[in-house]
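Reading the structure
Spelled out from the first residue to the last, the chains are:
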Amino acid sequence: HSRDYILDYGKDTNSSNHNATWVGSGKIGGAYDFFHDYMEFNTPNVMSSPESDFTTVSVMAWINPRSLTDAGDGNYIVAKGGMSNGFDLLLNSDEAAINSNSTRVDMNDEASSCQANNPINISLNNWTHVAFTYDMANIRIYHDGKLTHTEACALNPIVIGQDVAWYIGSSSTTSGYFDGLLDEV
């Protein structure tokens, strides 16, 4: 089954801001400025059961990266869960990677994982809209509203407990920090 989730900072969430700074000039109104900091959201009031099966996922954000800070780890925009039962959207930062400075999506169920790398590089110091969708068959990555990559990915439903937080600006292990502005996540 599928559920709709809306994260609104400070509304119906248990949220923690770990030093991200609000700035008045974002893509749409203000934005948060990240540099080795992150935001963490728990959503117990949104989920009605102790765990949720994610069979469809849509994540989007306006990003304005300053630099690629965590070589090898990636620069995480959004993460939910971890290497077993989770998903994330990040910028590749490995200079040896074919698509360094491009968006990447990782999807993981209990037994296996998929990774999709967008072939479009993201410009530093410019606003770009990035998004991905997942439907248990494909990961689709969008860049400024255009579908730029589709990767086949057939996983079991991703089961994530309601106590597992969403992370903005870092991985779920609080590494791979994003350096720049994030808006409308």
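In short, a report on the structure.

Some thoughts on the pairing of strand β4 (residues 38-42)
- Counting buried positions along β4 gives 5 out of 5 residues, so the element sits mostly inside the fold.
- Where burial is concerned, the two faces of β4 agree: the one with Tyr38, Glu40 and Asn42 and the one with Met39 and Phe41 are both buried.
- Note that β4 and strand β15 (residues 166-168) share 3 bridges and pair antiparallel. Its bridge partner lying in β15, methionine 39 is registered against isoleucine 168.

With respect to the side chain of glutamate 40
- Mapping glutamate 40 onto the fold places it in strand β4.
- There is a polar contact of 3.3 Å between the side chain of glutamate 40 and the side chain of tyrosine 167.

Considerations on the environment of arginine 140
- With respect to the helices and strands, the residue arginine 140 is situated in strand β12 (residues 138-143).
- In this structure, the C-alpha to C-alpha distance between arginine 140 and serine 58, residues 82 residues apart in sequence, is 9.5 Å.
- Ignoring anything within four residues of it in the chain, the contact list for arginine 140 reads Ala131, Phe132, Thr133, Asp135, Leu147, His149 and Thr150.
- A polar atom in the side chain of arginine 140 sits 3.0 Å from the side chain of aspartate 135.

Thresholds, definitions, all that
Residues numbered from 1 in each chain as written. Predicted model: local features only at pLDDT ≥ 70, side-chain atom pairs only at ≥ 80, totals over all residues. Heavy atoms only, no water. Buried < 20%, exposed > 50% of the residue type's maximum accessible area, 1.4 Å probe, protein only. Helix = DSSP H or I, 4+ residues; strand = E, 2+ residues; numbered from the N terminus. Pairing = 2+ DSSP bridges. Polar contact = N/O pair within 3.5 Å; in protein donor to acceptor, adjacent residues only side chain to side chain. Contact = heavy atoms within 4.5 Å.

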